[in-house]
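Structure assessment
Chain by chain, the residues:
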Amino acid sequence: RSFFRYLVETGQLKENPIRNLASPPVNKKAPRILTQAEYVQLLAVPQSLSTPEARRDVVMLEVLYATGLRATEVVSLQLSDIDLEHSTLSCRQGKSQRQIHLTSEVCQLIQDYVTNGRLDLLYNEKETALFLNRRGHQLTRQGFWQIVKNYAVRAGLGERVTPHTLRHSFAVRKMQSGADLRSVQQALGHAYISSTRVYKQPLSTVK
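Figured I'd write up the structure that's included with this text. The structure displayed is predicted, hence computed values, not measured ones.

Along the chain, Q185 turns up in helix α8 (residues 181–188). By relative accessible area, which is 7% here, Q185 ends up buried.

Set out below in structure tokens:
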């Protein structure tokens, strides 16, 4: 396709002979997911620790597993994005924004973290990021990925677990609970429903 376009652009052909040729269907690889037992196994690692970072990580993992946010969306959350009174979370993606419902359990975790755990990491009261690193700044996407991978290794799940694995796991749970594609698309913030259809394929666990 690129070759014939090049020939037309360089004047070696007047018309593109495959202009109307349909592209072959491409099957996306089924995403790897964590089973419920594997997620509990992963979560148990930071739960067994008492550091401020570990307490923060428990909340981050629970938020990610319960909402299916992207890693960038999780670390970009601000205090003002959380509305515990209405059990919602505002997620900004470019110019768009979506509201995500939070369970009472996740709300309680966030409340406890903001009231206690976050203060152990806070150095500047003007900092508005929800999740802070040990220097009191907003945690980075790369930092979050490394945190998850390290916990996965310690949990015996290997090196293939990433924040996106938990996002996939959320989507699969939604589909298995009877949610339709459109609602899963909206929850994940997919621009196109074709991106969501991958969760209808046979799935594999991280192992």
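So, about the packing of aromatic side chains. With the rule as written, the count across this model stands at 3 aromatic pairs. For the ring pair Y113 and F131, a centre distance of 5.5 Å and an interplane angle of 35° mean the geometry is tilted. Placement of the pair is Y113 in helix α5 (residues 104–115) and F131 in the loop between α5 and α6 (141–154), with a sequence separation of 18 residues. Under the relative-accessibility criterion, Y113 is labelled buried at 3%. Exposure remark for F131: the relative accessible area of 0% places this residue in the buried category. Geometry around Y65 places R173 over its ring, the cationic atom sitting 3.9 Å from the centre.

Turning next to the state of the cysteines. Applying the stated rule across the entire model yields 0 disulfides. Unpaired in terms of disulfides, C91 finds its nearest cysteine sulfur in C107, a separation of 16 Å.

By volume, the largest pocket amounts to about 180 Å³. Lining of the largest pocket is provided by T51, E53, R56, D57, N133, R134, R135, L139, T140 and I147. Of the residues in the lining of the largest pocket, the class split is 2 nonpolar, 3 polar and 5 charged.

We now examine the nonpolar core. In this structure, L89, F131 and F144 are the most contacted members of the largest nonpolar core, which totals 42 residues. Among the elements of the structure, α2 (36–47), α3 (52–67), α4 (71–75), β3 (88–93), α5 and α6 are those that each provide at least two residues to this core.

At their nearest, the axes of α3 and α5 sit 10 Å apart, and the two run at 150° to each other. Considering the angle they form, α3 stands roughly antiparallel to α5. With respect to the hand of their crossing, α3 and α5 are arranged in left-handed fashion. Within the contact between the two elements, α3 uses R56, V59, E62, V63 and A66 and α5 uses V106, L109, I110 and Y113. Counted by class, the contact of α3 with α5 contains 7 nonpolar, no polar and 2 charged residues.

Right, let's get into the pattern of salt bridges. One pass over the full model with this rule turns up 5 salt bridges. R56 is the salt-bridge partner of D57, the closest N and O atoms lying 2.8 Å from each other. Owing to a relative accessible area of 3%, D57 belongs among the buried residues under this scheme. Owing to a relative accessible area of 4%, R56 belongs among the buried residues under this scheme. Here R98 ties to E73 by a salt bridge, and the two come within 3.1 Å at their closest N and O atoms.

So, on to the sheet that holds strand β2 (residues 82–83). Within the open sheet, the 3 strands sit side by side as β2-β3-β4. Their pairing is antiparallel. Single-partner strands in this sheet number two, and they are β2 and β4 (96–101). Two elements, β2 and β3, share 2 bridges in a ladder whose sense is antiparallel. The partner of I82 across the bridge, within β3, is L89.

Definitions and limits used
Every chain is numbered on its own, with residues counted from 1 as its sequence reads. In keeping with the model being predicted, local features are shown solely for residues with a pLDDT of at least 70 and side-chain atom pairs are shown and tallied solely at 80 or more, while totals for entire chains, interfaces and linings include all residues. Only hydrogens and water are set aside when side-chain values are computed; all heavy atoms of the structure are taken into account. The way it works is that DSSP assigns letters per residue, a run of H or I at least four long becomes a helix, a run of E at least two long becomes a strand, and they are numbered from the N terminus. In this scheme, a residue with accessible area under 20% of its type's maximum is buried, one over 50% is exposed, and one in between is partly exposed, where area comes from a 1.4 Å probe on protein chains only. Note on aromatic contacts: the rings of Phe and Tyr and the six-membered ring of Trp form a pair at centre separations within 6.5 Å, being stacked when their planes are under 30 degrees apart, edge-to-face when over 60 apart, and tilted otherwise. We call a charge positioned above a ring when the Lys NZ or Arg CZ atom is no farther than 6 Å from the ring centre and deviates by at most 35 degrees from the ring normal. Disulfide: a pair of cysteine sulfur atoms within 2.5 Å of each other. Using protein atoms alone on a 1 Å grid, points that fit a 1.4 Å probe yet trap it form a cavity, whereas open point sets bounded by protein on both sides within 12 Å along at least five of seven lines form a pocket; residues with an atom within 4 Å of a point count as lining. Grid points are joined across faces, edges and corners, and a volume is the space filled by probe spheres set on the points. The nonpolar class holds Ala, Val, Leu, Ile, Met, Phe, Trp, Tyr, Cys and Pro. Asp, Glu, Lys and Arg form the charged class, and all remaining residues, Gly among them, are polar. For this analysis, a nonpolar core means a set of buried residues of the types Ala, Val, Leu, Ile, Met, Phe, Trp, Tyr and Cys, connected via side-chain atoms within 4.5 Å. What counts as an axis is a line fitted to C-alpha atoms, over the stretch in contact for a helix, and the angles between N-to-C directions run from 0 to 180 degrees. These descriptions rest on fixed angle ranges, namely under 35 degrees for roughly parallel, over 145 for roughly antiparallel, 65 to 115 for roughly perpendicular, and the rest for oblique. Helix crossings get a hand from a simple test, with the near helix turned counterclockwise from the far one by less than a right angle marking a left-handed crossing and a clockwise turn marking a right-handed one. For this analysis, residues touch if any pair of their heavy atoms sits within 4.5 Å. For this document, the term salt bridge refers to a Lys or Arg side-chain nitrogen within 4 Å of an Asp or Glu carboxyl oxygen. Strands qualify as paired when DSSP identifies two bridges or more between them.

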